[in-house]
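Listed below are the residues making up each chain.
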Amino acid sequence: MFFKNLFKIMLLSCLPLTSTLSANDSLLIGSAVTPLNLTNGTRPLLTQAIKDHCTLLVATNDMKFYFIHPKKGVYDFTKSDLLMSFAVANDMKVRGHTLAWGQQVPDWVKNGNYTSLELEQILVDHITTVIKHFATNYPGVVICWDVVNEAYNIEDKYQKEQAKLIAQGLDPTDPANIKCPRPIWSKIGQYDANNQPIATWDPLRDYVRVAFHAARQADPDIQLFYNDYSNEGTGSSTLEVYNFVKDLKEEGLPIDGIGMQCHLRLGCYSSKYTDIVKNTMQKYADLGMIIHVTELDVSIPTTDSLGYCPTNSNDLITQANIFAGVATACLQTPACKALVFWGISYRDAKLPTTVPGFGAANPFDQYYVGTPAYNSLVSVLGVHWGKH
Ligand code: G3I
């Protein structure tokens, strides 16, 4: 029995995740990657797995502000250009991730003591330069940008923490008490040129508006995405993020797509999960939006510090059902155009320390052998997991 299962796993691991195409044949399947790992020859199994299974790539970190614009006036496209060359050579597309986010902002921006207007100019310059770099040098390769990442949920966390601090009698303005700060970009729109407060300042929407308008100005055709977490399932933020995006879209902001990160854990599984996600996707489709699943991973309890060893083999089965559930929802929603894993294998996952005690969140294990999650994806996507 053991050898039969092993043989089955080995056989399935050889099947490309994107083999032949049919119904939703425009569905792109991809992974977050570290460009150097892909191109410097030290990780042949990773490179092969990506070539075999992906048509879409995302830089895990290297296209974020911190890495691409590390100093004032200095842009570093070295690593992202490697990703572009790899994509071009292998006939793949790239998702741009990300332009305006609260995290991974370099110190020169955070500690520069800039005014509202200066910050706005910094953000606009950044967005313009970065979008144009890729559009000019690699036309058609970057198909979309996560223009803004996690704005709603970061503001929500900030507001909830503020309320808690006040309830505890602590100073809500003391940086030492604030564990969930607003993004630096939230200062955009706070003061005018004479340093007078602007009464209509909206710390959430003002910078989001600036970012999307700048992105559209930089490239009239590229797809512009708002990307967030906890926006696909039964949690209250699913509806809140939807209403936030809907309002901005209805006021005319050029938001073309919604990114559903889908960083999931076992708890989200129920037999209705596919219908729930499909229903959420359909609501965005009804607004005329494209949907991408942007960062799918499903963490399970692990026994080791690297997050390679599942605690309980039954969890792998539940995990496989969750992967299949999300893939099915995407496949059955014509407006869902991409399914991206946040790392194709356990080795390429987000930092294992992100959620201590959890890991093994990807379709391939650390040896690039397909897990039950991979097998479940093959049975759902089967014909879609091949490139040409
Ligand atoms: O390479 C740098 C080094 O130059 C720096 O000096 C040093 C100190 O910070 O560490 C290295 O940077 C690390 C970076 O990953 C690159 O490896 C950061 O510490 C580390 O925090 C960073 O983590 C990334 C995280 O975003 C940042 O918040 C994860 O790899 C990345 O997987 C994760 O990705 C995010 C998505 O962009 C948005 N959605 C959530 C998702 C998962 O957390």
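Refer to the structure above for everything that follows.
Remember, it's a predicted structure, so these values are computed and weren't measured experimentally. (Residues numbered from 1 in each chain as written. Predicted model: local features only at pLDDT ≥ 70, side-chain atom pairs only at ≥ 80, totals over all residues. Heavy atoms only, no water.)

**Side note on the pairing of strand S5 (residues 223-228)**
Buried residues dominate S5, accounting for five of its six residues. Relative to S5, strand S4 (residues 142-149) runs parallel, the two sharing five bridges. Its bridge partner lying in S5, Cys144 is registered against Gln223. The pairing of S5 with strand S6 (residues 257-260) spans four bridges and is classified as parallel. Opposite Asn227, over in S6, you have Gly259 as the bridge partner. (Buried < 20%, exposed > 50% of the residue type's maximum accessible area, 1.4 Å probe, protein only. Helix = DSSP H or I, 4+ residues; strand = E, 2+ residues; numbered from the N terminus. Pairing = 2+ DSSP bridges.)

**Focus: the site of the ligand**
Near the ligand you find 17 residues, and of these Lys64, His97, Gln103, Glu150 and Glu295 are the closest. One of the side-chain nitrogen or oxygen atoms of Asn61 is found 3.0 Å away from an oxygen atom of the ligand. Here an oxygen atom of the ligand and a side-chain polar atom of His97 are 2.7 Å apart. Here the ligand loses 58% of its free accessible area of 790 Å² to cover by the protein chains. Among the secondary structure elements, those contributing two or more residues to the shell around the ligand are helix H4 (65-68) and strand S3 (93-101). Here the residues of the shell around the ligand sort into five nonpolar, eight polar and four charged. (Near = heavy atom within 4 Å. Polar contact = N/O pair within 3.5 Å; in protein donor to acceptor, adjacent residues only side chain to side chain. Areas by Shrake-Rupley, 256 points an atom, 1.4 Å probe, with all protein chains shown as cover. Nonpolar A, V, L, I, M, F, W, Y, C, P; charged D, E, K, R; others polar.)

**Regarding the environment of Asp146**
Secondary-structure assignment places Asp146 in strand S4. A C-alpha to C-alpha distance of 6.0 Å links Asp146 and Gly96, two positions 50 residues apart in sequence. If near-sequence neighbours (up to four positions away) are discounted, Asp146 is found in contact with Arg95, Gly96, His97, Thr98, Leu99, Phe225 and Asn227. (Contact = heavy atoms within 4.5 Å.)

**Quick notes on the pattern of salt bridges**
Scanning the entire structure with this criterion turns up nine salt bridges. Residue Glu250 pairs with Lys246 through a salt bridge whose shortest N-O separation is 3.4 Å. Of the two residues, Glu250 and Lys246 are both situated in helix H10 (residues 236-250); the distance of four residues between them amounts to about one turn of the helix. Classification of Glu250 as exposed rests on a relative accessible area of 53%. On the accessibility criterion, Lys246 (25% relative accessible area) is partly exposed. Each of the salt bridges in this network shares a partner with another, and the network as a whole consists of Asp206, Arg209 and Glu251. (Salt bridge = Lys/Arg side-chain N within 4 Å of Asp/Glu carboxyl O.)

**Concerning unusual backbone geometry**
The omega torsion of the bond from His97 to Thr98 falls at -5°, within 30 degrees of zero and hence cis. Tracing the chain through its elements places Thr98 in strand S3. Here Asn195, not a glycine, exhibits a phi torsion of approximately 65°, which is positive. Of note in this structure, Ala360 is not a glycine but carries a positive phi near 45°. Checked against the element boundaries, Ala360 lands in the loop between strand S10 (358-359) and helix H13 (372-381). Ala360 sits in the buried class, given a relative accessible area of 3%.

**Some thoughts on the nonpolar core**
Counting residues in hydrophobic clusters, the biggest one holds 102 residues, and the most contacted among them are Leu57, Trp185 and Tyr226. For this core, the element with the most residues is helix H9 (residues 205-218), which contributes eight residues. Once you skip the residues sitting within four places of it in the chain, Leu57 turns out to touch Ser31, Val33, Leu38, Ile50, Leu83, Phe86, Ala87, Met92, Lys93, Val94 and Arg95. If you look at the next biggest cluster of nonpolar residues, it comprises eleven residues, including Ala32, Phe225, Ile290 and Ala338. (Core = buried A, V, L, I, M, F, W, Y, C linked by side-chain atoms within 4.5 Å.)

**Remarks on the side chain of Glu150**
With respect to the helices and strands, the residue Glu150 is situated in the loop between S4 and helix H8 (151-167). For the buried residue Glu150, which engages in no salt bridge, the nearest side chain bearing the opposite charge is Lys157, 7.3 Å off. Among the polar contacts listed, one links the side chain of Glu150 to the side chain of Trp101, at a separation of 2.8 Å. Sequence-distant contacts of Glu150, defined by excluding residues within four places in its chain, comprise Trp101, Tyr226, Asn227, Asp228, Tyr229 and Gln261. (Lys, Arg positive; Asp, Glu negative; His and termini not counted.)

The values are spatial; any link to function lies outside them.
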